[in-house]
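Overview (structure and organization)
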Number of protein chains: 2
Amino acid sequence: MEEMIINQSLRQAVAQPSYAEAVSVIEEQIRNKSYRKLREIAEVIPAPDLAAIFGELEDRDEPILFRLLSKEQAAEVFVELEAETRERLIASFTDRELSEILSELYIDDTVDLIEEMPAVVVKRILRSSDPADRRVINQILNYPKQSAGSVMTTEYVRFIEGIDVEAALTHIRRVAIDKETIYTCYVTDKDRHLTGVVTARELLTSELDTPLTDIMERNVLCVNTHDDREEVARVLNKYGLLAMPVVDSEGRLVGIITLDDAIDVISEESEEDFAKMAAITPTETPYLKASALSLFLSRVPWLLLLMLSSTVSGAILSGFEAALPAVLVLFVPMIMGTGGNSGGQSSVTVTRSISLAEVSFSDLPRVFWKELRVGILCGVSLGVVTFAKVMLVDRLMLGDDAITLTVAVAIALSLTVTIIVAKMIGAILPLLAKKIGLDPAVMASPLITTLVDAVSLVLYFLVSRSVLGL
Amino acid sequence: MEEMIINQSLRQAVAQPSYAEAVSVIEEQIRNKSYRKLREIAEVIPAPDLAAIFGELEDRDEPILFRLLSKEQAAEVFVELEAETRERLIASFTDRELSEILSELYIDDTVDLIEEMPAVVVKRILRSSDPADRRVINQILNYPKQSAGSVMTTEYVRFIEGIDVEAALTHIRRVAIDKETIYTCYVTDKDRHLTGVVTARELLTSELDTPLTDIMERNVLCVNTHDDREEVARVLNKYGLLAMPVVDSEGRLVGIITLDDAIDVISEESEEDFAKMAAITPTETPYLKASALSLFLSRVPWLLLLMLSSTVSGAILSGFEAALPAVLVLFVPMIMGTGGNSGGQSSVTVTRSISLAEVSFSDLPRVFWKELRVGILCGVSLGVVTFAKVMLVDRLMLGDDAITLTVAVAIALSLTVTIIVAKMIGAILPLLAKKIGLDPAVMASPLITTLVDAVSLVLYFLVSRSVLGL
């Protein structure tokens, strides 16, 4: 059994993890009070897996297992736990235990913890923190929510100009234990102004008596505490860095953002875009953990909004019915649907390009021209297919006499015009939204489809009327 | 001017980069043949920016600027260039220049290069590679396309068991220049069987005479050459590793996958999902670089497919019109649209959860039960709103006599049933698709909307008929 869990965590890391078996083994050991065996089992399970296992343990077993972990493992697991589990664990801790675990956490993880705990727990956390840490934590908490300052860590390796490689290596050896990364180190003057960056690779491959200033890179990419965290994450990733220094308005080094935090920011933002494009209010709770009520609340406002706006299309359709030959109604779902899909294609493409910083508002003319050509290509080709299909299938095969050549032309031409217009709307709205400070992803959502639905119907109405000479 | 470009690359890394100015400065220097100045300018521009600048230079200026770069910078920039630019540059290289640049590239980058070049260029590349590299390249090219083997690099630091920290550090110093990372090093027995992993941090903080076996982690997460690269990337990210060892079927270390490559895989896969959900064939070309024709080709097959399938809805609607009171047609866009949106919410949520490995087929009963409750909550609340709206607005305010109490009930009840069914379809289809080996993201696309459209109409028809007693 034990063997099994270990193997699972070792070789089959790639397989879909199923924790049910591990959970039942662990609960059995707890019931048998075989704590030594339990510790041996837990020891070899990687922190993210152990955190997932905690998520499925019975509440009263959580503190028992947690107390058995080594200090380091406990901290690693704690960072990965769900908010509710952390809150329950903290409630079970003595003040001394809380202090101990906090002293093992990196500052940025403590800040994350504080941000998700209720006020009374936050007070206890701050009281149990080391006074120096407390000052830094409060400072980070003061940065705006989506800023670089709010996600940075202050535990980095800093050298003062003027030392050599040997001194740098000695310094690293002494402070490494408390630093989030030692692979990228920063060089500053005495007033903390950032002047260079040096990697562990360079330190390891240089002669010991080389002055740092000879090997450090002076051309340092850095960001400001108030820069947007999403853009910082993208820059970090773009330049292939393991960490990015954060400076204040005077160019003094105040923190770093590490690649793993940047990856989290990027995936979080992209999952938010997925949610918005599906007309859902983004949440961070994983799907299976979310309650039906919270899923309902994240979905129903959008459905309601879209439903009410779609009544406009209903009103148009009903006016339409009265004024035009009944046969045209048969093609309403096809024209509305194709218009919606065409607009959706453009809006998702443009929105993602905005998110990836590939496109900005100044590209509007290029986007317009590109989508116009794509719209004409799609519109004309689908128009031709529709004309052929209406004439061959609906008129000849199904023998619908109401479909005359003029009706077929009206349908095909309406479709062509609708596709072209839908593509223009889909491409331009996200750029305009971004320009006026709205979220382009919301524009790429069914909101565009709903708008395009109404526009499609009006175009169908107008084009048919003029082709049929009514 | 020069000052400006440097500053841009330094401080304003976060700002939207605009390369137009840099491009015009560089082209001016080329025309003036001020090569020394040009080299000074290029020297301080980070590789990703310089690659973007290459993308906007005139073709004939590319080799001129490229030849001015230092060997290291040239290799860094080369890796970031667009495929066409690389092909043009290779055509301009002498065999000697090609050999030089290839010897600077990491093996995995050479493999990427080979995969995107036409056969004749590939031959030249292989001919110009070092014979030892060529053997490794051919081996990597033989792994299946989406496998861990195909994205791994063979340039990692490997220690043979039995040495101490001092010997390890000396080894690193000697080989670091050619290794993609030196921060995670691997320990094997004499037959290359992976037995442990040791980080540069541990080496730097341990006494020089410590045997490696005392500090190495024996509990090593590793993946097989044939594992799916997407799952490998996710595992690497989950466990917060900088690199993941890849072993063959006998447990021998054959390569590593580094975090930056894993990030690329993850973002590529998530952009593919965005495209599929918008009914677009995914491509890797950035939007502004893609020609109108290629955008057209990636979009039109899906539009055509969806258009043809929407004719089913048209046929249903037309049968509907003949059999039911005309007033009901007014609400068709609202019911179809809300059904589509409800199904879309569920399908996108479930599809992303599948992509993130949070949900698998075995969770089907949980997903079913969750969506059923969410569907009932959404369906009933929107049904109530619709009933109130139809009675108050359409009947009382607009005075539409055709809307009786029974009609309002028929509309509201149809909407409720449609939402519940749409949510079930949206949640279950992606899981079924995954189970039978299809792509769930395609299911989350307008395909589901089109299906739900037809189902909505049928439900509206059936429910109304039975409520109205026709």
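Data block above holds the structure.
The structure contained in this document is the topic of the report that follows. (Residues numbered from 1 in each chain as written. Chains lettered and ligands numbered in written order. Predicted model: local features only at pLDDT ≥ 70, side-chain atom pairs only at ≥ 80, totals over all residues.)

Details of the overall build of chain A
If you tally the helices and strands in chain A, you get 23 helices and 6 strands. Computed over C-alpha atoms, the radius of gyration of chain A comes to 30 Å, more than 25% over the 23 Å expected from 2.2 N^0.38 for 470 residues, which places it beyond the range of a compact globule. The dimensions of chain A, computed from C-alpha atoms along their principal axes, are 90 × 60 × 45 Å. Buried positions account for 46% of the 470 residues belonging to chain A. Within chain A, residue pairs in contact and separated by at least 24 positions form 71% of the contacts whose partners lie at least 6 positions apart. (Helix = DSSP H or I, 4+ residues; strand = E, 2+ residues; numbered from the N terminus. Rg over C-alpha atoms; globule rule 2.2 N^0.38 Å. Buried ≥ 20, exposed ≤ 12 C-beta atoms within 10 Å, placed from the backbone. Contact = placed C-beta atoms within 7 Å.)

Examining the environment of A:Pro245
All names here are of chain A. Inspection of the secondary structure assignment puts Pro245 in strand β5 (residues 243-247). C-beta crowding within 10 Å serves as the criterion here: with 22 such atoms nearby, Pro245 is assigned to the buried category. The spacing of Pro245 and Ile256 is 11 residues in sequence and 4.4 Å in space, taken between C-alpha atoms. If near-sequence neighbours (up to four positions away) are discounted, Pro245 is found in contact with Tyr186, Leu194, Val220, Cys222, Leu253 and Ile256.

Details of the sheet that holds strand β2 (residues 184-188) of chain A
All names here are of chain A. Strand order in the open sheet made by the 3 strands is β1-β2-β3, with mixed pairing throughout. The sheet terminates laterally at β1 (158-160) and β3 (194-199), the two strands that pair on one side only. The mean inter-strand angle of the sheet, taken between neighbouring strand axes irrespective of direction, is 30 degrees. In terms of strand pairing, β1 meets β2 through 3 bridges, oriented parallel. Directly across from Phe159, in β2, lies its bridge partner Val187. (Pairing = 2+ DSSP bridges. Axes fitted to C-alpha atoms, helices over the stretch in contact; angles between N-to-C directions.)

With respect to unusual backbone geometry
Residues and elements named next belong to chain A. With a phi angle near 55 degrees, Lys33 is a residue other than glycine that sits in the positive phi range. Along the chain, Lys33 turns up in the loop between α2 (20-31) and α3 (35-43). A residue is classified by how many C-beta atoms lie within 10 Å of it, and Lys33, with 10 of them, is exposed. Within the chain, Ala279 stands out as a residue other than glycine whose phi angle is a positive 60 degrees.

A look at the interface of chain B and chain A
Across the boundary between the two partners, chain B contributes 89 residues, which contact 89 residues of chain A. Sorting the residues of the side of chain B that touches chain A by element identifies α13 (165-175), α14 (200-205), α16 (229-238), α17 (259-277), α18 (292-323), α19 (332-355), α20 (364-397) and α23 (446-468) of chain B as the ones contributing at least two each. Sort the elements by how many residues they give to the side of chain B that touches chain A and α18(B) lands first, with 16 residues.

Topic: the relation of the copies chain B and chain A
Least-squares fitting of chain B to chain A yields an RMSD of 0.1 Å, with the superposition described by an axial translation of 0.0 Å and a rotation of 180 degrees. Each copy turns onto its partner about a two-fold axis. (Least-squares fit on C-alpha atoms with pLDDT ≥ 70 in both.)

With respect to the packing of helix α6 (residues 71-80) of chain A against helix α8 (residues 95-104) of chain A
All names here are of chain A. One can describe the packing of α6 onto α8 by two numbers: an axis separation of 9 Å at closest approach and a directional angle of 80 degrees. What the angle tells us is that α6 and α8 run roughly perpendicular. Seen from α6, the contacting residues are Lys71, Glu72, Ala74, Ala75 and Phe78; seen from α8, they are Glu100, Ile101 and Glu104. Class assignment for the residues of the contact of α6 with α8 results in 4 nonpolar, no polar and 4 charged. (Parallel < 35°, antiparallel > 145°, perpendicular 65-115°, else oblique. Nonpolar A, V, L, I, M, F, W, Y, C, P; charged D, E, K, R; others polar.)

Some words on the environment of B:Met277
Within the secondary structure, B:Met277 sits in helix α17. C-alpha of B:Met277 to C-alpha of B:Ser445: the two residues are 168 residues apart in sequence and 4.0 Å apart in space.

As for helix α9 (residues 107-116) of chain A
Among all positions in α9(A), only A:Ile107, A:Asp108, A:Thr110, A:Val111 and A:Leu113 are buried. Tucked into the core, α9(A) has its buried residues touching α7 (83-92), α8, α10 (119-128), α11 (131-141), α12 (148-151) and α17 (259-277) of chain A.

Focus on the sheet that holds strand β1 (residues 158-160) of chain B
All names here are of chain B. If you trace the 3 strands from one edge of the open sheet to the other, you get β1-β2-β3, paired in mixed fashion. Bordering the open sheet on either side are β1 and β3 (194-199), each of which pairs with just one other strand. On average, each strand axis in the sheet is inclined to that of its neighbour by 30 degrees, with strand direction left out of account. Sheet topology places strand β2 (residues 184-188) next to β3; 5 bridges connect them, and they run antiparallel. By the bridge assignment, Cys185 is partnered in β3 with Val198.

A few points about the environment of B:Cys378
Topologically, B:Cys378 is positioned in helix α20. Taking the C-alpha atoms as reference points, B:Cys378 and B:Thr94, 284 residues apart in sequence, are found 67 Å from one another. Excluding anything up to four places from it in sequence, B:Cys378 contacts A:Phe296, A:Arg299, A:Val300, A:Leu303, B:Ser342 and B:Ile419.

Overview of the pairing of β5(A)
All names here are of chain A. Within β5, 5 of the 5 residues are buried, which leaves the element mostly enclosed by the surrounding structure. Side-chain alternation along β5 places Ala243, Pro245 and Val247 on one buried face and Met244 and Val246 on a second face that is also buried. Direction of pairing for strand β4 (residues 223-224) relative to β5: parallel, over a ladder of 2 bridges. Across the sheet, residue Val223 finds its bridge partner in β5, namely Val246. Since β4 and β5 lie parallel, the crossover through helix α16 (residues 229-238) that links them has a hand, and here it is right-handed. Hairpin connection from β5 to strand β6 (residues 253-258): 5 residues lie between these consecutive antiparallel strands, with Gly251 at a positive phi of about 80 degrees. (Right-handed = clockwise from strand over helix to strand, strands pointing away.)

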